[in-house]
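# What the coordinates show
So you can see what is in the structure, the chains are spelled out below.
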Amino acid sequence: MTLATARKRLKKPRPKPKRTAGAGGPGRVDHGAWFLVLPALIPILVLSVGPLLYGISLAFTDSQSGRTEPTQWIGTLNFQDLLHDTLFWESFRIGLLWAVGVTVPQFLLALGLALLLNEELRLRWLARALAIIPWAMPEVVVGIMWRIVYNPDAGILNETIRDLGLGDGRDWLSGLSTALPAVIVVGVWAGMPQTTVALLAGLQNTPRELHEAAAMDGAGAWRRFRTVTWPALKPVALAITALNFIWNFNSFALVYVLTNGGPGGRTRLPMLFAYEEAFRYGQFGYAAAMGCVMVAVISVILAVHLVGRLRGGEDA
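Just so it is clear, the model here is predicted, and its values are computed rather than measured.

Let us look at the overall build of the chain. Across its full length, the chain holds 14 helices and 0 strands. Beginning at the N terminus, the succession of helices and strands in the chain can be written as α-α-α-α-α-α-α-α-α-α-α-α-α-α. Looking at the chain as a whole, 34% of its 316 residues qualify as buried. Considering only residue pairs separated by 6 or more positions, the chain has 67% of its internal contacts joining residues 24 or more positions apart. Total accessible area on the chain stands at roughly 19,700 Å², and carbon and sulfur atoms take up 65% of it.

Per the counting criterion, the structure on display carries 18 aromatic pairs. Measuring from centroid to centroid gives 5.1 Å for Phe-88 and Trp-89, while their planes differ by 70°, and the two rings are edge-to-face. Under the relative-accessibility criterion, Phe-88 is labelled buried at 0%. Judged by its relative accessible area of 32%, Trp-89 falls in the partly exposed class. Among the aromatic residues, those joined into a cluster by ring pairs are Phe-88, Trp-89, Phe-92, Phe-245, Phe-249 and Phe-273. When the ring centre of Trp-172 is taken as origin, the NZ or CZ atom of Arg-170, which lies over that ring, is 5.8 Å away.

Attention shifts here to helix H2 (residues 33-58). For H2, which comprises 26 residues, the first-to-last C-alpha distance of 35 Å matches the rise-based estimate of 38 Å (1.5 Å per residue) to within 8%. Along its length, H2 reaches its greatest deviation from straightness, about 45°, at Pro-39.

In this section: a nonpolar patch on the surface. On the surface, a nonpolar cluster with roughly 1,100 Å² of combined accessible area is contributed by Phe-35, Leu-38, Ile-42, Ile-44, Leu-45, Val-46, Leu-47, Val-49, Leu-52, Leu-53, Ile-56 and Val-295. With respect to the secondary-structure elements, Ile-56 resides in helix H2.

Here we come to the packing of helix H7 (residues 139-149) against helix H9 (residues 179-204). The relative placement of two packed helices is expressed as an angle between their axes plus a distance between the axes. At a minimum axis distance of 11 Å, the contact between H7 and H9 shows a crossing angle of 135°. Judged on the interaxial angle alone, H9 and H7 are oblique. Crossing of H7 against H9: the hand is right-handed. Every residue of H9 that contacts H7 at Val-142, Met-145 and Trp-146 is listed here: Val-185, Val-186, Trp-189 and Ala-190.

Buried residues of H7: Val-142, Gly-143 and Trp-146, and no others. Seen along its axis, H7 keeps its buried residues to an arc of 100°; they face one direction. Buried residues belonging to H7 abut H9 and helix H12 (253-258).

Let us look at the nonpolar core. One finds Trp-98, Tyr-150, Val-186 and Leu-258 to be the most contacted residues of the largest nonpolar core, which totals 20 residues. Secondary-structure elements contributing two or more residues to this core are helix H4 (86-117), H7, H9 and H12. With 6 residues, H9 is the single largest residue contributor to this core. Not counting residues within four places of it along the chain, the set of residues in contact with Trp-98 comprises Val-183, Ile-184, Gly-187, Asn-248, Ser-251, Leu-254, Val-255 and Leu-269. Ranked by size, the runner-up nonpolar core spans 19 residues in total, among them Leu-58, Leu-82, Ala-288 and Met-294.

What follows concerns the pattern of salt bridges. If you walk through the whole model with that rule in mind, you get 4 salt bridges. For Arg-268, the salt bridge identified is with Glu-276, shortest N-O distance 3.4 Å. A residue is classified by how much of its surface remains accessible, and Glu-276, at 7% relative accessible area, is buried. Ionic pairing is found between Glu-276 and Arg-280, a salt bridge with its closest N-O pair at 3.9 Å. A residue pair is termed a helical-turn pair when its members lie 3 or 4 positions apart in one helix, as Glu-276 and Arg-280 do in helix H13 (residues 270-280) at 4 residues. Salt bridges sharing common partners tie together Arg-268, Glu-276 and Arg-280.

Among the structural elements, Leu-210 can be located in helix H10 (residues 208-216). The sequence separation of Leu-210 and Thr-229 amounts to 19 residues, and the corresponding C-alpha distance is 8.9 Å.

Right, let's talk about the environment of Tyr-281 for a bit. In this structure, Tyr-281 sits in the loop between H13 and helix H14 (284-315). Spatially, the C-alpha atom of Tyr-281 lies 8.2 Å from that of Ser-65, the residues being 216 residues apart in sequence.

With that out of the way, let us pick up unusual backbone geometry. That bond from Gly-262 to Pro-263 is cis: its omega, -5°, falls within 30 degrees of zero. Structurally, Pro-263 is set in the loop between H12 and H13. Non-glycine residue Asn-260 carries a positive phi angle of around 55°. Checked against the element boundaries, Asn-260 lands in the loop between H12 and H13.

A few words on the environment of Val-197. Examined against the element boundaries, Val-197 turns out to sit in helix H9. You can call Val-197 partly exposed: its relative accessible area is 33%. Leaving out residues up to four positions away in the same chain, Val-197 has contacts with Ile-132 and Trp-135.

What counts and what doesn't
- Residue indices follow the written sequence of each chain, beginning from 1 at its first position.
- The model is predicted, so local features are restricted to residues of pLDDT at least 70 and side-chain atom pairs to those at 80 or more, both for listing and for counting; the totals for chains, interfaces and linings are taken over all residues.
- Side-chain calculation: all heavy atoms of the structure are included, whereas hydrogens and water are not.
- Strands are runs of DSSP state E lasting at least 2 residues, helices are runs of H or I lasting at least 4, and numbering of each runs from the N terminus.
- Only protein chains enter the accessibility calculation, which uses a 1.4 Å probe; a residue is then buried when its area is under 20% of its type maximum, exposed when over 50%, and partly exposed in between.
- The contact definition used throughout considers only heavy atoms, calling two residues in contact when any of these lie within 4.5 Å.
- Method for areas: the Shrake-Rupley scheme with a 1.4 Å probe, in which residue coverage is limited to the protein chains shown.
- Here the aromatic set is Phe, Tyr and Trp, taking the six-membered ring for Trp, and pairing holds for ring centres within 6.5 Å; pairs whose planes are under 30 degrees apart are stacked, those over 60 apart are edge-to-face, and all others are tilted.
- For a Lys NZ or an Arg CZ to count as sitting over a ring, it must be within 6 Å of the ring centre and within 35 degrees of the ring normal.
- By this rule the span expected of a helix is its residue count minus one, scaled by 1.5 Å.
- The angle between axes fitted to the seven residues ending at a residue and the seven residues starting there is what we call the bend at that residue.
- Patch membership needs two things, relative accessible area over 30% and no salt bridge, and members are linked within 9 Å if like-charged or within 5 Å if nonpolar (Val, Leu, Ile, Met, Phe, Trp, Tyr).
- Salt bridges are defined as contacts in which a side-chain nitrogen from Lys or Arg sits within 4 Å of a carboxyl oxygen from Asp or Glu.
- Throughout, an axis means a line fitted to C-alpha atoms (over the contacting stretch in the case of helices), and angles, computed between N-to-C directions, take values from 0 to 180 degrees.
- Angle categories: roughly parallel below 35 degrees, roughly antiparallel above 145, roughly perpendicular from 65 to 115, and oblique for all the rest.
- In this scheme the crossing of two helices becomes right-handed for a clockwise turn of the near helix relative to the far one and left-handed for an anticlockwise turn of less than a right angle.
- In this context, the arc is that of the directions from the helix axis out to the C-beta atoms.
- Here, nonpolar core refers to any group of buried Ala, Val, Leu, Ile, Met, Phe, Trp, Tyr and Cys residues whose side-chain atoms link them within 4.5 Å.

Written out as structure tokens, the structure reads:
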């Protein structure tokens, strides 16, 4: 059986859904279904949509902490000031470098690990369990653990460098040139398990008949990956990469524990910058404007991603 024949056999026509008339007749929405949705919808409205709308409204005010005068509506003044705030745009640039620097290696390493864990290995269940341990650890715990690893005096990294005779080590989290790469390594390590799990699920949904047919056609490992594995895995890969980019761009706790934005603002991500403006300097309205800009950027990224997915689906 060739690869083309296997694909034809696996492509089954989708049965057309049967239309049934509900209690209110055809075309009527069953209002009773809303009662099933409400338990999930109410927390989203209260904990997500509500604070989001409040934050957007706060961005158009001069709200400050410790202010005795009533908050005034100032229109787009906060956004105008934000356009000329070079520190914020520098943090935005660092946030993009961080998001890309974490997301790309995270995906490549997770793909390799998922391909390995998908093979018939001895103690595969144990390897899969160990692979998701970083995912089960809170970000604060991960940050504290890696601060110990990077400790300039007694950290395991510098101790290993000294034992191998490669030098005296260095202060990784305080160096201007090493702080961001060191934090990126931690971000990749902490976020790789969830990407691995998603890709592994996609690999296990790939029909084995296609691999067997490709092998019978004489396709090597790389050709089987390119013609069989990757086309089946591509939708999962695009989805998890987009989500990872958004999660990484919005990172806060991990970098806060590791460097608190230092040294010299070299690891000050946009979320850290907004946090400092709000809770260190008390500029709630200005910090809310920063949040609105970040939400707008993420919305654009999501829109581009969804449009690309829809066009890809139409082409398929």
